[in-house]
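# Observations on chain architecture
Spelled out, the chains give:
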Amino acid sequence: MFNALFAALKHDRDRALLAFWVSNGARAEELLTSRQRDALPGQQVLGVVRKGSRAYQQLPCAADAFVWLRLYQESAWRAGVPRGQNEGLWWTLRRPWRPLNYPAARAMFNRANSLLGTNWTLHDLRHTPAYGWRGIRRCR
């Protein structure tokens, strides 16, 4: 089912988001507020600001997540998305460019759910790293 979910996503940005959510256990909002400087593919970590403590933490991530991130970034930068260390990591897919927010990410995920007839939530993805790939099924 995870492979079907991944295949249902239409954009590299969405595949990158899913790969990060599944591999690092960050809350959806924590990942969405990351900056371009926070992605360190050489170290395979992504920095996030944690919800409760507001502390900055680098989370280990799957190598595949960084591959999808780079594919997304290259196409986004060619299209004119703001580029720079202090800029947001995640952007809308159309102009005017805006940082991707939680409701928009949830809508993207819900569209994939509709195609598959599933009812997973972004929060379900947070529990997946602890259980491996079986985590999504276990949450439902």
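In case you missed it, the structure is sitting above this.
Residues numbered from 1 in each chain as written. Predicted model: local features only at pLDDT ≥ 70, side-chain atom pairs only at ≥ 80, totals over all residues. Heavy atoms only, no water.

## Thoughts on the nonpolar core
One finds Leu18, Phe20, Trp21, Leu69 and Trp90 to be the most contacted residues of the largest nonpolar core, which totals 39 residues. Secondary-structure elements contributing two or more residues to this core are helix 1 (2-8), helix 2 (12-24), helix 3 (28-32), strand 2 (45-49), helix 4 (63-79), helix 5 (102-116) and helix 6 (122-131). When residues in this core are grouped by element, the largest group, 7 residues, is from helix 2. Those residues within four positions of leucine 69 in sequence are excluded, and the remaining contacts are Ala16, Phe20, Ala39, Leu89 and Trp90. (Core = buried A, V, L, I, M, F, W, Y, C linked by side-chain atoms within 4.5 Å. Buried < 20%, exposed > 50% of the residue type's maximum accessible area, 1.4 Å probe, protein only. Helix = DSSP H or I, 4+ residues; strand = E, 2+ residues; numbered from the N terminus. Contact = heavy atoms within 4.5 Å.)

## Re helix 5
For helix 5, with 15 residues, the first-to-last C-alpha span of 21 Å sits near the 21 Å given by 1.5 Å per residue. Those residues of helix 5 not exposed but buried are Ala105, Met108, Phe109, Ala112 and Asn113. Each buried residue of helix 5 sits inside an arc of 140° when the element is viewed along its axis, so together they form one side. Across from the buried face of helix 5, at angles greater than 90 degrees, the exposed residues are Pro103, Arg111 and Ser114. Measuring from the backbone nitrogen of alanine 104 back to the side-chain oxygen at the start of helix 5 gives 3.0 Å, which picks out asparagine 101 as the cap. Where helix 5 terminates, the next one or two residues include glycine 117, which has phi positive at roughly 75°. (Expected span 1.5 Å × (residues − 1). Arc of directions from axis to C-beta. Polar contact = N/O pair within 3.5 Å; in protein donor to acceptor, adjacent residues only side chain to side chain.)

## Quick look at the environment of leucine 100
The topology assignment puts leucine 100 in the loop between helix 4 and helix 5. For leucine 100, a relative accessible area of 6% translates into the label buried. Sequence spacing of leucine 100 and glutamate 30 is 70 residues, and the spatial spacing of their C-alpha atoms is 12 Å. Once residues within four sequence positions are removed from consideration, leucine 100 is found in contact with Arg13, Leu17, Leu32, Trp90, Trp91, Thr92 and Ala105.

## Points about the packing of helix 2 against helix 4
It is the contact of helix 2 with helix 4, at a shortest axis distance of 8 Å, that shows an interaxial angle of 155°. Judged by the angle between their axes, helix 2 and helix 4 are roughly antiparallel. Here the hand of the crossing between helix 2 and helix 4 comes out left-handed. Residues Asp12, Arg13, Arg15, Ala16, Ala19, Phe20 and Ser23 of helix 2 lie in contact with helix 4, whose contacting residues are Ala65, Phe66, Trp68, Leu69, Leu71 and Tyr72. A per-class count over the contact of helix 2 with helix 4 returns 9 nonpolar, 1 polar and 3 charged. (Axes fitted to C-alpha atoms, helices over the stretch in contact; angles between N-to-C directions. Parallel < 35°, antiparallel > 145°, perpendicular 65-115°, else oblique. Left-handed = near helix turned anticlockwise from the far one by under 90°. Nonpolar A, V, L, I, M, F, W, Y, C, P; charged D, E, K, R; others polar.)

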